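Chain by chain, the residues:
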Amino acid sequence: MKILVANLGSTSFKYRLFDMASETQLARGGIDRIGQDADSTCVAEVGDHKLQEVKRIPDHAAAVRMCLDQLTNPQTGCLKSVDEVAAIGFKAVFAGRLSGIRRVDAELLSTMEALADVAPAHNPPYAKAMRQLMASFPEIPLVAALETAFHETIRPEYRTYAVPYEWTENFEVRRWGFHGASHRFIGSRMAQLLGRDDAKIISCHLGGSSSVCAIEGGESRSTSMGMTPQSGLPQNNRVGDFDPFALRLLKRLTGKDYDTLLNDLASKGGLQGMSGVSPDLRDIEQAADAGNARADLAIRVYAADIKKYIGQYLAVLNGADAIVFTGGIGENSTRIRSLVCENMTYAGIELDPAKNVPVKSDTNLSAAGSKVQIWSVPTNEEIVVARQTVKVVEG
Ligand SMILES: Nc1ncnc2c1ncn2[C@@H]1O[C@H](COP(=O)(O)OP(=O)(O)O)[C@@H](O)[C@H]1O
Ligand SMILES: CC(=O)OP(=O)(O)O
Ligand SMILES: [Mg+2]
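Residues numbered from 1 in each chain as written. Chains lettered and ligands numbered in written order. Predicted model: local features only at pLDDT ≥ 70, side-chain atom pairs only at ≥ 80, totals over all residues.

Draft legend 1. Geometry of the site of ligand 1. In the region of ligand 1, 17 residues are neighbours, and Gly 9, Gly 207, Gly 208, Leu 281 and Gly 328 sit closest. Elements supplying a minimum of two residues to the shell around ligand 1: helix H10 (281-289) and helix H12 (327-332). At 4 residues, H12 tops the list of elements feeding residues into the shell around ligand 1. Residues belonging to the shell around ligand 1 are distributed by class as follows: 2 nonpolar, 12 polar and 3 charged. Each of domain 1 (2-146) and domain 2 (196-376) accounts for three or more of the residues forming the shell around ligand 1. (Near = placed C-beta within 6 Å. Helix = DSSP H or I, 4+ residues; strand = E, 2+ residues; numbered from the N terminus. Nonpolar A, V, L, I, M, F, W, Y, C, P; charged D, E, K, R; others polar. Domains from an automatic or database assignment.)

Draft legend 2. Structural view of helix H14 (residues 381-393). Across its 13 residues, H14 extends 19 Å between first and last C-alpha, which sits within 8% of the 18 Å expected from 1.5 Å per residue. Buried-residue contacts for H14 involve strand E1 (2-8), strand E2 (13-19), strand E6 (85-90), strand E7 (101-103), strand E8 (142-145) and helix H6 (180-194). Looking at the residues trailing H14, positive phi occurs at Gly 395, about 75°. (Expected span 1.5 Å × (residues − 1). Contact = placed C-beta atoms within 7 Å.)

Draft legend 3. The sheet that holds E6, seen in detail. One open sheet holds the 8 strands; their spatial order is E5-E4-E3-E2-E1-E6-E8-E7, and the pairing between them is mixed. Looking at strand neighbours, the two that pair on one side only are strand E5 (49-55) and E7, the edges of this open sheet. Each neighbouring strand pair of the sheet contributes to a mean axis angle of 20°, computed without reference to strand direction. As defined by bridge partners, strand E4 (residues 40-46) adjoins E5 across 7 bridges and the pair is classed as antiparallel. Each residue of the ladder has a partner; that of Ser 40, found in E5, is Lys 55. On the sheet, H14 packs against E1, E2, E6, E7 and E8 and is oriented at approximately 130° with respect to E1. (Pairing = 2+ DSSP bridges. Axes fitted to C-alpha atoms, helices over the stretch in contact; angles between N-to-C directions.)

Draft legend 4. View of the UniProt feature "binding site: ATP" (unreviewed entry) in the protein. Mapped onto the present numbering, the UniProt feature "binding site: ATP" (unreviewed entry) falls on Lys 14, Asp 280, Leu 281, Arg 282, Gly 328, Ile 329, Gly 330, Glu 331 and Asn 332. By the secondary structure assignment, Gly 328 is in helix H12. If we skip the residues at most four places from it in the chain, Gly 328 touches Gly 207 and Gly 208. With residues up to four places along the chain from it excluded, the contact list for Gly 330 reads Cys 204, His 205, Leu 206, Phe 325 and Ser 376. (UniProt positions renumbered as here; feature names shortened; annotations may be inferred.)

Draft legend 5. Region of interest: the nonpolar core. Core analysis: the biggest nonpolar cluster contains 106 residues, and Phe 90, Ile 323 and Val 324 have the highest contact counts within it. If one sorts the elements of this core by residue count, helix H11 (residues 293-317) sits on top with 10 residues. Taken together, domain 1 (2-146) and domain 2 (196-376) each give at least three residues to this core, which thus spans both. When neighbours within four sequence positions are excluded, Val 324 is seen to be in contact with Ile 186, Met 190, Ile 201, Ser 203, Cys 204, Trp 375 and Val 377. (Core = buried A, V, L, I, M, F, W, Y, C linked by C-beta atoms within 7 Å. Buried ≥ 20, exposed ≤ 12 C-beta atoms within 10 Å, placed from the backbone.)

Next comes the structure, spelled out in structure tokens:
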């Protein structure tokens, strides 16, 4: 059974094609800088064969079409036709109470669309891409694995907001948590790497969107994103944690209405807003190196917030066996890893600077005496979604 998994990140589109009989990865690919004022690099890798095209990709629906074109291109020889794909699994983000894994149907699509203004960077591209694929390939089942599902194990004291209780009871206002596929993958991968199932892990998924998760025995105990993926750490261009009462002041001072201010927080905030350079950490690091003070500040705020969540989760878990960096930033930015782990020896956390280099595979980066291990582990959100997709397709 061939399963294509579509991972529509806030700035990127990644996919993997698996043969699930043997869990073999047949192809993988990615498109970066989607919807930015720049060309995207579209890469498809099939075995040793690599296809690369550079072009403007305006949205995620165009990205999924590009992926299917590349996989059916005779040059890659990967698929003779799209019909070979048994199902497409989506790492879908937010559908409130419709959490879990489910077939994409009218109810799910309308729920995701109704929550589009609550998850503006994520729900619209997923719903649009799903609708377009349903129309273009009606015979391929589409499955959604909601990012919130992994966090169902979070206890009430770690998921309830101190808001009027009827909001919690009637309106699903609570910490839902996101990046479930990635944190689930890191929990199980670390259990293998450490050789134990009861490990306490602090998983830092740092990418276009970022979140930290406290994991114990493979289950989520607490996570930094809350009601929506705009909360927790600063995101690429979205705000992260913020005090809602500042909006009253901003409304008075800017003359903007609440909707406009919320849209600003969801598209002009985060790393982009602080740095004034770009939503992409690579650009911000380059600007900071060239002496841009706001870029440097954005990097420091981001690292400080990650550090604060790690502190919280050491308390929640009563210590940790390992801190894991994953996601585009976590796997690649040696600077962020170093700033986050700086001055943490009190908590038994010590990075070895000599090991903190760009790595492409699971790597222990801790200094010899570090009580808590520090790892860089490439995430594989797609295999988690592929397994879940098979379960739904097989009923
Ligand atoms: N070498 C690098 N150094 C620093 N940051 C990087 C590097 N490579 C990728 N990144 C960051 O990773 C981010 C994308 O992360 P990723 O997890 O792929 O994103 P998404 O949330 O869209 O799935 C980019 O915005 C970029 O800031
Ligand atoms: C919340 C979420 O899944 O984010 P992203 O896909 O942008 O990493
Ligand atoms: Mg992502």
